[in-house]
Amino acid sequence: MDFSFLSQPAFSGGGVYLDWVISGIKWTLLVSILGWIIAFTVGSIVGVLRTVPLAILRVPATIYVEIFRNVPLLVQMFIWYFVVPEIVPKTAGDWLKTQMPLPEFWNAVLCLGFYTASRVAEQVRSGIQSMPRGQTNAALAMGLTLPQTYRHVLLPMAYRIVIPPMTTEFLTIFKNSSVALTIGVLELTAQARQISEYTFRTFEIFTIATIIYALITLTVTFSMRWLENKTRVPGYIGGSGK
Amino acid sequence: MFTGFDFEVIQRSLPYLWQGMQFSLGLTLLAMLGGIFLGTLLALMRLSPYKILSYPSGAYVNLVRSIPLILVIFWFYFLIPLLMKKITGNPYASGIGPFYSALIAFTMFEAAYYCEIIRAGIQSVPRGQVSAAYALGLNYRQATLRVVLPQAFRNMVPILLTTSIILFQDTSLVYVVGLTDFMGAAGKIARRDGRLVEMYLFAALVYFIICYSGSYFVRRLQARYNVGQ
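Rules behind the numbers
- Residues numbered from 1 in each chain as written.
- Chains lettered and ligands numbered in written order.
- Predicted model: local features only at pLDDT ≥ 70, side-chain atom pairs only at ≥ 80, totals over all residues.
- Helix = DSSP H or I, 4+ residues; strand = E, 2+ residues; numbered from the N terminus.
- Buried ≥ 20, exposed ≤ 12 C-beta atoms within 10 Å, placed from the backbone.
- Contact = placed C-beta atoms within 7 Å.
- Expected span 1.5 Å × (residues − 1).
- Nonpolar A, V, L, I, M, F, W, Y, C, P; charged D, E, K, R; others polar.
- pLDDT = per-residue confidence, 0-100.
- Core = buried A, V, L, I, M, F, W, Y, C linked by C-beta atoms within 7 Å.
- Axes fitted to C-alpha atoms, helices over the stretch in contact; angles between N-to-C directions.
- Parallel < 35°, antiparallel > 145°, perpendicular 65-115°, else oblique.
- Left-handed = near helix turned anticlockwise from the far one by under 90°.

Chemist: Before we go on, may I ask you to explain the overall build of chain A in this structure?
Modeler: Counting secondary structure elements, chain A contains ten helices and zero strands. If you list the helices and strands of chain A from N to C, you get α-α-α-α-α-α-α-α-α-α. Scored against the burial criterion, the 242 residues of chain A give a buried share of 36%.

Written as structure tokens, this is what we have:
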């Protein structure tokens, strides 16, 4: 078990192999966090839309969730990267193919974001639907409009209820960021494989990658637990998840 | 977009795509069986009162559940040849081939996820059942095999099937070690004939149909179980 390869100069110049590892961590975190921002916003909207009484809003949201949940992430990644530039109008397609900065990175972010959004939507929907119907009825009886009901009554409790499963989704997006290596994003798993190709220290570098992913998971788990404790509503035993 | 859409490339490559689909389905089935078996073992170990069994299995499950599947595939794909070299002492020993490495990787990975589901299922069986079994004179093996597990599995079948559908989607990741599953076959045709749009959209459509029908079937199964309860 020889970890000294980390301080050896990298094959393609410019720094040591440790820099490759750090670059991999940086891209993993960037892809995951930006993807999560998209996933959380889009997923919340779609999740809320799945619960409204208006069918014209509910059906497109349901179609969205079913499509993005039933197609594998790898297939979606390829479609975003290879197929979307061909499908959109010619000028947009040409811009996507030639002038977009960091095309692999942004395609990975969009793909991960919309894929995870469908799962977040399911969590938000289950959170809203687990609330007693009396809440909605009381709010509407008091004169709140439906958007106000969602904003002031349903969503605050629904989000608190779904923090534990949402944590799982947040962790999953960090793990799914590794699929971005198939379209060329040099995130942590890709860098680990590259380093193993150049230094033949397969066991050591994969151990390092495993430990880093485990650390990311631990950090996320502890921060979400802190968030859950901070937002706990006193007296609402059933809703706060434990 | 659809002016130049070439349906004929899909039609003439159907036999090759079917080969890839057989690979995907075969890998899913084998990994599912192996994963459920290993997952049950791990769940029973985690639930045992002996720390020497519960701690290692708990550590294994938590570790495997926190790393990506691609990393697990790489682990087994690159490390098994090294292991074979060490075991047989022959520096030129080859590995066991990419298919078996991938199969072992998927089985070990899914076993951790199945373990959590099965553990929850076992814990949902009322304690009275276990106590009654021991009171009737059954030993641990008989109580587990004949009383606890049958009831636990009845509750868990929908979730196990849903996880298996997710496993089917995840088999597309064998692309990273060069194996040709359904997605790999579609990709090869796409690159050979220059028809990326048609083949990738077709692959997405096929996966969608299979997974949507699977989850529809699971939903109906769940509804049937709930009526029976």
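Chemist: Is there a simple way to explain the environment of Leu173(B) in this structure?
Modeler: In this fold, Leu173(B) is placed in the loop between α7 (140-170) and α8 (182-193). Through-space distance from the C-alpha of Leu173(B) to that of Gly35(B) is 17 Å; in sequence the pair is 138 residues apart. Ignoring sequence-local partners within four residues, the contact set of Leu173(B) consists of Leu74(A), Leu69(B), Ile70(B) and Ile73(B).

Chemist: Just checking my understanding: could you explain the environment of Leu17(B) for this structure?
Modeler: Residues and elements named next belong to chain B. For Leu17, the position within the fold is in helix α2 (residues 14-47). C-alpha of Leu17 to C-alpha of Glu110: the two residues are 93 residues apart in sequence and 26 Å apart in space. Sequence-distant contacts of Leu17, defined by excluding residues within four places in its chain, comprise Phe182, Ala185 and Ala186.

Chemist: Explanation requested: unusual backbone geometry in the structure shown.
Modeler: As a rule of thumb, non-glycine residues mostly have phi less than zero, and peptide bonds are mostly trans rather than cis. Residues and elements named next belong to chain A. A positive phi is found at Leu102, a non-glycine position, where the angle reads about 50°. Within the element layout of this structure, Leu102 appears in the loop between α4 (90-99) and α5 (103-129). Taking the C-beta count within 10 Å as the criterion, Leu102 has 10 such neighbours and is therefore assigned exposed. Its identity as a non-glycine residue notwithstanding, Phe200 has a phi of 60°, on the positive side. Of note, Phe200 is situated in the loop between α9 (188-199) and α10 (202-230). What makes Phe200 exposed here is the crowd of 12 C-beta atoms within 10 Å.

Chemist: What is the right way to look at α8(B) in this model?
Modeler: Every α-helix winds through 3.6 residues per turn, so residues three or four apart in the chain are directed the same way. All names here are of chain B. Helix length check: α8, at twelve residues, gives a terminal C-alpha distance of 17 Å against a target of 16 Å (1.5 Å per residue), a fit within 8%. For α8, every residue scored as buried is listed here: Phe182, Met183, Gly184, Ala185, Ala186, Gly187, Ile189 and Ala190. Of the residues one or two after α8, Gly194 is the one with positive phi, at around 70°.

Chemist: What exactly am I supposed to notice about the environment of Glu204(A) here?
Modeler: With respect to the helices, strands and loops of the structure, Glu204(A) is situated in helix α10. Along the chain, Glu204(A) and Phe5(A) lie 199 residues apart, while their C-alpha atoms are 9.3 Å from each other.

Chemist: Can you help me understand the interface of chain B and chain A in this one?
Modeler: By a widely used convention, the size of an interface equals the accessible area lost when the partners come together. The interface of chain B with chain A comprises 28 residues on the first partner and 29 residues on the second. No other element matches helix α9 (residues 196-228) of chain B, which puts ten residues into the side of chain B that touches chain A. Per-class residue counts for the side of chain B that touches chain A are 25 nonpolar, three polar and no charged.

Chemist: Even after reading the chapter, I still don't get the confidence of the model for chain B, so can you show me in this structure?
Modeler: Low pLDDT means the predicted atomic positions in that stretch should not be read closely. Mean pLDDT over chain B stands at 88; residues scoring 70 or higher make up 97%. In the predicted assembly, ipTM is 0.87 and pTM is 0.88.

Chemist: Help me understand α5(A), please; the structure alone is not making it clear to me.
Modeler: With 27 residues, α5(A) should cover 39 Å at 1.5 Å per step; its first-to-last C-alpha distance of 39 Å lies within 8% of that length. Counting buried positions over the 27 residues of α5(A) gives 20, a clear majority of the element.

Chemist: What's the story with the nonpolar core in this structure? I'm lost.
Modeler: For soluble globular proteins, the rule of thumb is that nonpolar side chains tend to be buried together. Counting residues in each nonpolar core, the largest one holds 113 residues, and the members touching the most others are Val75(A), Met77(A), Ile73(B), Ala186(B), Tyr200(B) and Ala203(B). Considering every element that reaches this core, the biggest residue donor is α5(A), with twelve residues. Excluding residues within four positions of it along the chain, Ala203(B) makes contact with Val75(A), Phe182(B), Met183(B) and Ala186(B).

Chemist: Even after reading the chapter, I still don't get the packing of α2(B) against helix α3 (residues 51-64) of chain B, so can you show me in this structure?
Modeler: The packing of two helices is summarised by the inter-axis angle and the distance between the axes. Residue and element names in this part refer to chain B. Interhelical geometry of α2 versus α3 gives an angle of 130° and a closest axis separation of 7 Å. Comparing their axes, α3 and α2 come out oblique. Like other packed secondary-structure pairs, α2 and α3 cross with a definite hand, here left-handed. Residues Leu42, Met45 and Arg46 of α2 lie in contact with α3, whose contacting residues are Leu53, Ser54, Ser57, Gly58 and Val61. A breakdown of the residues in the contact of α2 with α3 according to their chemical character gives four nonpolar, three polar and one charged.

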